[in-house]
Amino acid sequence: QVQLVESGGGLVQPGGSLRLSCAASGSILIFNAMGWYRQAAGKERELVAVKGSGGSVNYADSVKGRFTISRDTAKNTVYLQMNNLKPEDTAVYYCYARQLRLMGLSTKTDDYWGQGTQVTVSS
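Residues numbered from 1 in each chain as written. Predicted model: local features only at pLDDT ≥ 70, side-chain atom pairs only at ≥ 80, totals over all residues. Heavy atoms only, no water.

Asker: Before we go on, may I ask you to explain the overall build of the chain in this structure?
Answerer: Along its length, the chain carries 0 helices and 11 strands. In the chain, the succession of helices and strands from N to C terminus is β-β-β-β-β-β-β-β-β-β-β. A compact globule built from 123 residues should have a C-alpha radius of gyration of about 14 Å, and the chain, at 15 Å, falls within 12% of that. When its C-alpha atoms are laid out on the principal axes, the chain stretches across 55 × 25 × 25 Å. For the chain, the proportion of its 123 residues judged to be buried stands at 37%. The contacts in the chain between residues at least 6 apart in sequence include a share of 56% that link residues at least 24 apart. About 6700 Å² of surface is accessible on the chain, with carbon and sulfur atoms providing 48% of the total. Here the chain carries 13 positive and 9 negative side-chain charges, and the mean point of each set is 5 Å from the other. (Helix = DSSP H or I, 4+ residues; strand = E, 2+ residues; numbered from the N terminus. Rg over C-alpha atoms; globule rule 2.2 N^0.38 Å. Buried < 20%, exposed > 50% of the residue type's maximum accessible area, 1.4 Å probe, protein only. Contact = heavy atoms within 4.5 Å. Areas by Shrake-Rupley, 256 points an atom, 1.4 Å probe, with all protein chains shown as cover. Lys, Arg positive; Asp, Glu negative; His and termini not counted. Charge placed at Lys NZ, Arg CZ, Asp CG, Glu CD.)

Structure below.
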């Protein structure tokens, strides 16, 4: 079974930085995409950043220029460097991975989620 484990969350003042890490285990297959979502209290879960195995990267507009996603594909590990944090960034951050498997004429997509790590930005 695939498991994703996040770390690096915490409490930081506005303008500060945090680095989140997510380590995947339980699969020898390389995920076609890994990234991060977040969910603030009372709000829907939203995409923060995702990086494909081919190197493509997508960021939410709200984090562009402040957050940087990186990925060690061989190790199935993804990171999120968060700079110039704002109170609006306060949320539970979830690691995400997608595994696409081709089986004959069929393609099976499996999505995996970490347990979440709390990021709180407050003065």
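Asker: Is there a simple way to think about the pairing of strand β9 (residues 91-103) in this case?
Answerer: The two faces of the sheet receive side chains in turn, since in a regular strand these alternate between them. Both strand β4 (residues 33-39) and β9 contribute to a ladder of 7 bridges, which runs antiparallel. Bridging across to β9, Tyr37 finds its partner in Tyr94. Across 3 bridges, the pairing between β9 and strand β11 (residues 117-121) is antiparallel. For Val92, the partnering residue across the bridge sits in β11 and is Gln118. Pairing of β9 with strand β10 (residues 106-113), which is carried by 8 bridges, proceeds in the antiparallel orientation. The partner of Tyr96 across the bridge, within β10, is Trp113. Turn length for the β9-β10 hairpin, with the two strands adjacent in sequence and antiparallel, is 2 residues, and the turn residue Gly104 shows positive phi of about 60°. (Pairing = 2+ DSSP bridges.)

Asker: Looking at this structure, I do not really get the sheet that holds strand β1 (residues 3-7). What am I missing?
Answerer: Note on sheets: strands pair through backbone hydrogen bonds, and any given pair is parallel or antiparallel. Pairing is antiparallel in the open sheet, where 4 strands are placed in the order β1-β3-β8-β7. Of all the strands in the sheet, the pair left with one neighbour each is β1 and β7 (67-72). For this sheet, the mean inter-axis angle between neighbouring strands, taken without regard to orientation, is 15°. Where strand β3 (residues 18-25) meets strand β8 (residues 77-82), 6 bridges bridge the pair, whose relative direction is antiparallel. Each residue of the ladder has a partner; that of Arg19, found in β8, is Gln81. (Axes fitted to C-alpha atoms, helices over the stretch in contact; angles between N-to-C directions.)

Asker: What am I meant to see in the pairing of strand β5 (residues 46-52) here?
Answerer: The sheet contact formed by β4 and β5 spans 6 bridges and is antiparallel. Each bridged residue has a counterpart across the sheet, and for Arg38 the counterpart in β5 is Glu46. Hairpin connection between β4 and β5: a loop of 6 residues separates the two successive antiparallel strands, and Gly42 in this loop has a positive phi of roughly 75°. Note that β5 and strand β6 (residues 57-59) share 3 bridges and pair antiparallel. By the bridge assignment, Ala49 is partnered in β6 with Tyr59.

Asker: For this particular structure, what's the right way to read the nonpolar core?
Answerer: Generally speaking, nonpolar side chains in soluble globular proteins are found buried as a group. Membership of the largest hydrophobic core comes to 27 residues, with the highest contact counts inside it found for Leu4, Trp36, Val48, Phe67, Leu80, Met82 and Tyr93. Of all elements in the fold, only β3, β4, β5, β7, β8, β9 and β11 reach the threshold of two or more residues within this core. (Core = buried A, V, L, I, M, F, W, Y, C linked by side-chain atoms within 4.5 Å.)

Asker: Would you take a moment to explain unusual backbone geometry for this structure?
Answerer: It is generally the case that most residues other than glycine have a negative phi and that most peptide bonds are trans. Phi at Asn76 is positive, roughly 50°, even though this residue is not glycine. Along the chain, Asn76 turns up in the loop between β7 and β8. Positioned with a positive phi, Asn84 is a non-glycine residue whose angle comes to about 50°.

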